[in-house]
Amino acid sequence: MRCGQEEESVPLTMADMFSGADDPAGWPGHLWLEGRTVVHLQSDQERPSHMPRGPVAKSGTGFMNPAMAPARTRSVLLLQDALEHGWLVDDRPIRALDALCATGIRVRRWRNEIAPELQERLHITANDLDSKALDWALSSVRKNRTNGIFPILDDEQIPIEQITENGIHFQRYDARMAMIQGSYQWIDLDPFGSPVQFLDTALQGLGRVGVLEVTATDTAALTGSSSTSGLRRYGHNGIVDHYAHDDAVRVLLGTIATSAARLDRSIEPLLALFDGHHVRVSVIVRKSKLGADENRQKMGWRVRHDDIPYTFVKHPSPEQIEHSSGPMWIGPLWNEEITGRMTEDHAVECCLPRETDLNSEGDMDLEWTELDQVYAERELRRSVRYISDASSLLSSEHLLLPYDQIAPWAKAASMPSMVDLIAALNEEGYLTARVPDLRPYIATKAPYEVVLEMVRKMDSAE
Ligand SMILES: C[S@@+](CC[C@H](N)C(=O)[O-])C[C@H]1O[C@@H](n2cnc3c(N)ncnc32)[C@H](O)[C@@H]1O
């Protein structure tokens, strides 16, 4: 099965434990760097290109999907931000679980790339059902210990089913069992396909307050291009048009908010993106009946109109229903402060390999050229490009416009460059920015007519 495809059946029983005793077959594979962390790729996995995109052509135990590197980079930055700025649990420890960790690249990046002075407060558990992937993860940690050695704390009760390396507790449970066992402040859910089967237990596996990060690769269901699975899984009536990506993000957020409300919990989005072939959302979840009730006000539908591209409404009228997609989250998508700090320079500072990384013991067999370093920096910048610029807009009400469509909508013969249009609207006092999506979109505070008028004005000035 391909990563990015949907999984039909998953063994749910606890079978043999992973051994962790010896290096697994095929070890050490060949070496690669993701962020500042050495990755051992299976010998039959090609060296990643520097522009990995989309669902991958192969998968299986030990396969690491390089197209997910940007999402993992943002996960490192977000967790670091929570520890550094104390917005989750002040300066208390964060218990973080990667519930579907595969070969453990995300947990290893958390351990390796988050600043050393914050590590003491970071307690990491890595879980997967695939014992071979876990063995691969364990060997990877042993070979590449970084950011200090983490002793097991005296008062820490380690269940015998866990194997702990460098302070990371590896375990092999069904993810639902793993999540429900703990009271985590951070849970990452990165399944094959849809996350819906894991959502309820993830929400219950968080403490009074926690962050839930969710990946969904079933974009056909979320965008509405597969209408039956969209309805079945998300209760979503989709319309595949320029707003399908934004809808997909909002449908996933709405599904999480609805599931959370059933458990008397509220959500607050931190960062939510359509990233090529997957949707990735990060939300704070709080135990709060009031918050859950307030979240209901942020659920609604997107209605398309003739005179403006869309409006959000609580409920479409019978006449509007044919032109409406939903239900979905219609509230803010990001947290302004946190995403405002997610700059390209910050990503480079935290996650670009340094001289010391390249000369560390585990990296002896790594071939890493100057060109690799240049491409790595380019990729890191791409992981967070446009986020900080759009932070204020995506954290509040805004108008989203597909750049390619604005000229035809304005009946203008030519279109100004996106940079010029953004600058012109900002000069007029309407906050406007590019949105991080592979396709060109802008978000703006300007009314629709003002944008069209500006494009016509710039067209006639040419
Ligand atoms: C998309 S991969 C995870 C990739 C990983 N997060 C990364 O960044 O490399 C999904 C993983 O979920 C695991 N899995 C699937 N169903 C599971 C379940 N019910 N419980 C635990 N693990 C499961 C698979 O073994 C696989 O390793």
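Right, let's walk through the structure included here. Predicted model, so just to flag it, every value in this text is computed and none were measured.

## Quick word on the pairing of strand E4 (residues 122–127)
Burial runs high along E4: 6 of the 6 residues are buried. Residues Leu122, Ile124 and Ala126 point to one face of E4 and His123, Thr125 and Asn127 to the other, with burial holding for every one of them. Pairing analysis gives 5 bridges linking strand E3 (residues 94–98) to E4, with the strands arranged parallel. Its bridge partner being in E4, Ala96 is matched across the sheet by Ile124.

## Some thoughts on helix H10 (residues 289–296)
Buried within H10 we find Gly291, Ala292 and Asn295. With its buried residues spanning 100 degrees around the axis, H10 presents them on a single face. Exposed and oriented more than 90 degrees from the buried face of H10 are Lys289, Leu290 and Arg296. Tucked inside the fold, the buried residues of H10 contact helix H9 (244–262), strand E9 (265–275), strand E11 (299–304) and strand E13 (324–329).

## Re the site of the ligand
The ligand sits among 21 residues. The nearest are Arg72, Leu100, Asp128, Ala175 and Asp190. The contact in question runs from a nitrogen atom of the ligand to an N or O atom on the backbone of Leu129, over 3.2 Å. Expressed as a share of its isolated accessible area of 600 Å², the protein-covered part of the ligand is 93%. Elements supplying a minimum of two residues to the shell around the ligand: helix H2 (105–113) and helix H5 (175–181). Partitioning the shell around the ligand into residue classes produces 12 nonpolar, 1 polar and 8 charged.

## Here we look at the pattern of salt bridges
Taken as a whole, this structure holds 29 salt bridges when the rule is applied. The residue Glu34 makes a salt bridge to Arg72 at a minimum N-O spacing of 2.7 Å. Of this pair, Glu34 sits in strand E1 (residues 30–34) while Arg72 sits in helix H1 (residues 69–85), placing them 38 residues apart in sequence. Both residues of the pair, Glu34 and Arg72, belong to the buried class. Note that Arg341 is salt-bridged to Glu337, the shortest N-O span being 3.9 Å. Residue classification places Arg341 among the partly exposed residues on the basis of a relative accessible area of 24%.

## Quick notes on the sheet that holds E11
Overall, antiparallel pairing links the 3 strands, which are arranged E12-E11-E13 in an open sheet. Each edge of the open sheet carries a strand with a single partner, namely strand E12 (310–313) and E13. When the angles between neighbouring strand axes are averaged without regard to direction, this sheet yields 25 degrees. In this fold H9 packs onto E11, E12 and E13, with an angle of close to 45 degrees to the strand it touches most, E13.

Calculation notes
- Residues numbered from 1 in each chain as written.
- Predicted model: local features only at pLDDT ≥ 70, side-chain atom pairs only at ≥ 80, totals over all residues.
- Heavy atoms only, no water.
- Buried < 20%, exposed > 50% of the residue type's maximum accessible area, 1.4 Å probe, protein only.
- Helix = DSSP H or I, 4+ residues; strand = E, 2+ residues; numbered from the N terminus.
- Pairing = 2+ DSSP bridges.
- Arc of directions from axis to C-beta.
- Contact = heavy atoms within 4.5 Å.
- Near = heavy atom within 4 Å.
- Polar contact = N/O pair within 3.5 Å; in protein donor to acceptor, adjacent residues only side chain to side chain.
- Areas by Shrake-Rupley, 256 points an atom, 1.4 Å probe, with all protein chains shown as cover.
- Nonpolar A, V, L, I, M, F, W, Y, C, P; charged D, E, K, R; others polar.
- Salt bridge = Lys/Arg side-chain N within 4 Å of Asp/Glu carboxyl O.
- Axes fitted to C-alpha atoms, helices over the stretch in contact; angles between N-to-C directions.

Coordinates in, geometry out; function isn't part of it.
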